[in-house]
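One letter stands for each residue in the lines below.
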Amino acid sequence: MFGSGRAALTLRDSYRRDLREVKQITAVEYVRFHAIFHDEMGVYDEDAQGNPIYNFSYVDQVYDGLLENGVRPFVELSFMPKKLAASPVLHSFWYKPTVAPPRDYVKWDDLVTHFARHLVDRYGIDEVSQWYFEVWNEPNIDFWAGDPKQATYFELYDHTARAIKAVNSRLRVGGPASAQAAWADVFIRHCAENQVPVDFVSSHVYGNDKSEDVFGTHETIPRNRMVCRAVGKVHEQVKASPLPALPLLWSEFNASYMNEPDVTDSSYMGPWLADTIRQCDGLVSEMSYWTFSDVFEEQGVVKQPFYGGFGLMAAGGIPKPSYNAFRLLHQLGDERLDVASDSMLVTRRKNGTLVIAAWNMVSPGAEGPPRDVTFVFRQKASSQVDIYHVDPHHGDSQRAYQAMGSPPYPTQAQIRQLRSAAQLPPSEVHDLKNGSVTIQIPANGLLLLELRNER
């Protein structure tokens with residue numbers, strides 16, 4: 001699963017082209033985004049007497065586009081239509097979503113009911129029952145203006161979940177979509193004690209979130225440890241809850257919630273992603289990287305490529321090192337094998353092929369030495385290995401962008417040059433000597449090693 005901006009952006013050709021490229025290298029199955037009820041989508045209006053008027057024409061174009069590109073919606077039910085809002089409270093995002101509770105829960109329930117019923121009528125219950133419906137986004141921070149936050153969000157959730165289930169019990173609904181790994185335990189307890197429908201728990205965290213906000217401590221937690229520690233915290237809360245079998249869906253994560261080019265645009269993301277997968281494996285049902293594309297406008301219209309955006313694809317459809325990291329990591333096998341290393345993933349494919357990811361992580365912006373890693377295979381199943389690299393010298397379009405002077409508006413020729421720089425070279429073939437091979441990994445390098453099958 002991947003995240004992506006807001007609903008209206010999905011109508012753009014650039015968004016859909018980026019989605020197709022990411023789908024090819026990751027087989028992504030779900031996409032999540034904000035603001036399906038934003039006024040720019042035209043979903044909700046009222047006549048002179050205050051009666052609701054619904055219009056799902058843009059909604060249909062949004063979801064048709066996802067399905068035509070082979071992904072399903074992870075439906076975040078947000079934000080509040082202005083004519084339904086209890087107060088004119090706007091979030092600071094450039095597109096100014098309304099984050100107030102509804103002024104009339106009868107009308108909110110009716111909106112949710114008509115929306116869900118329309119989706120079932122258009123796509124069929126067998127299809128829509130495979131989607132997810134998540135109530136709101138990060139209500140524990142400034143995306144929700146209810147007061148008190150938790151009690152008023154629970155009221156919103158209760159109404160929404162019951163309205164969704166009243167349309168069809170097969171529809172999947174959950175929350176609380178909280179920032180900083182918050183509220184999951186009290187949310188589950190609330191649903192259990194009040195018999196409110198819930199099919200999954202969701203939460204968010206970023207690598208540079210503060211321990212005070214996530215754990216209530218004053219410890220210093222490294223960027224490459226924060227996400228999975230937070231996931232582990234909520235995983236344990238679910239297990240200890242009255243509903244211990246609930247799936248945990250991590251519907252936003254990244255190494256940074258800020259625009260940090262040295263982080264999200266750089267080769268650092270290869271080791272960071274691999275290490276996050278290593279630590280989080282087994283703790284969560286799904287994780288949604290925020291985001292797959294820099295077709296994205298929370299801080300306003302993108303002013304240049306490589307500004308520290310969240311996406312795998314920079315503006316202009318330029319793959320970043322994170323894109324190439326996902327490309328390599330998607331080639332890992334189906335079965336994970338034990339290894340005594342915190343910088344390696346060892347896997348086996350169904351046909352028996354060993355595929356290994358190894359990395360050399362260095363803090364963003366810092367210098368670091370290369371590492372020589374020796375792989376020793378106890379059983380001689382092959383005489384050669386294929387090695388693929390993502391590092392500052394392989395598939396790093398950001399470095400190419402900097403080398404051309406970081407133009408804010410690259411020409412078409414420069415974009416072609418940057419896309420070419422993002423291409424990974426063919427594999428390097430290395431011979432095994434006495435069942436071993438030594439490979440050098442540069443600072444913030446990620447490599448994928450595939451053991452060649454002997455014929």
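These lines cover the structure that appears in this document, whether it is placed above or below. (Residues numbered from 1 in each chain as written. Predicted model: local features only at pLDDT ≥ 70, side-chain atom pairs only at ≥ 80, totals over all residues. Heavy atoms only, no water.)

What follows is about the environment of Phe93. Structurally, Phe93 is set in the loop between strand S5 (72–77) and helix H3 (105–123). The spacing of Phe93 and His190 is 97 residues in sequence and 30 Å in space, taken between C-alpha atoms. Setting aside chain neighbours within four positions, we find Phe93 in contact with Phe143 and Glu298. (Helix = DSSP H or I, 4+ residues; strand = E, 2+ residues; numbered from the N terminus. Contact = heavy atoms within 4.5 Å.)

Working definition: the strands of a sheet are paired by backbone hydrogen bonds and lie parallel or antiparallel to each other. The strand order S1-S2-S5-S6-S7-S8-S9-S10 describes a closed barrel built from eight strands, whose pairing is parallel. Put simply, the sheet's adjacent strands are angled 30 degrees from each other on average, direction ignored. Alignment of strand S8 (residues 200–206) against strand S9 (residues 248–254), held across six bridges, turns out to be parallel. Bridged to Tyr206 within S9 is Asn254. (Pairing = 2+ DSSP bridges. Axes fitted to C-alpha atoms, helices over the stretch in contact; angles between N-to-C directions.)

We now examine the nonpolar core. Counting 112 residues, the largest nonpolar core has Tyr63, Phe115 and Phe133 as its most contacted members. Among the elements that take part in this core, H3 stands out by supplying nine residues, more than any other. In contact with Phe115, other than residues within four places in its own chain, are Ile36, Phe37, Phe56, Val59, Tyr63, Val75, Leu77 and Phe133. By size, the runner-up hydrophobic cluster in this structure holds 17 residues, among which are Met344, Val346, Val437 and Leu449. (Core = buried A, V, L, I, M, F, W, Y, C linked by side-chain atoms within 4.5 Å. Buried < 20%, exposed > 50% of the residue type's maximum accessible area, 1.4 Å probe, protein only.)

Bringing the state of the cysteines into the picture now. The full count for this structure, using the stated rule, is one disulfide. For Cys228, the disulfide goes to Cys280, at an S-S distance of 2.0 Å. Because the torsion about its S-S bond is -110 degrees, the bridge between Cys228 and Cys280 counts as left-handed. Highlighted residues: Cys228 in helix H8 (residues 223–239) and Cys280 in helix H10 (residues 269–280), separated in sequence by 52 residues. With relative accessibility at 7%, the residue Cys228 sits in the buried group. Of the residues examined, Cys280 reaches a relative accessible area of 2% and is grouped as buried. (Disulfide = S-S within 2.5 Å.)

Once that is clear, we can look at the side chain of Thr291. As for its placement among the helices and strands, Thr291 is situated in the loop between strand S10 (286–290) and strand S11 (313–314). In terms of polar contacts, Thr291 uses its side chain to reach the backbone carbonyl oxygen of Ser293, at 3.0 Å. Among the polar contacts made by the side chain of Thr291, one reaches the main-chain amide nitrogen of Gly311 at a distance of 3.5 Å. Apart from residues no more than four positions distant in its own chain, Thr291 is found in contact with Phe2, Gly3, Ser4, Gly5, Asn254, Phe296, Phe310, Gly311 and Leu312. (Polar contact = N/O pair within 3.5 Å; in protein donor to acceptor, adjacent residues only side chain to side chain.)

Pairing is possible between side chains that carry opposite charge, provided their charged atoms lie close to one another. Enumeration over the complete set of coordinates arrives at 26 salt bridges. Glu127 is the salt-bridge partner of Arg72, the closest N and O atoms lying 2.7 Å from each other. Of this pair, Arg72 sits in strand S5 while Glu127 sits in helix H4 (residues 125–128), and the two are 55 residues apart along the sequence. It is possible to trace a salt-bridge network through shared partners that takes in Arg6, Arg12, Glu40 and Glu297. (Salt bridge = Lys/Arg side-chain N within 4 Å of Asp/Glu carboxyl O.)

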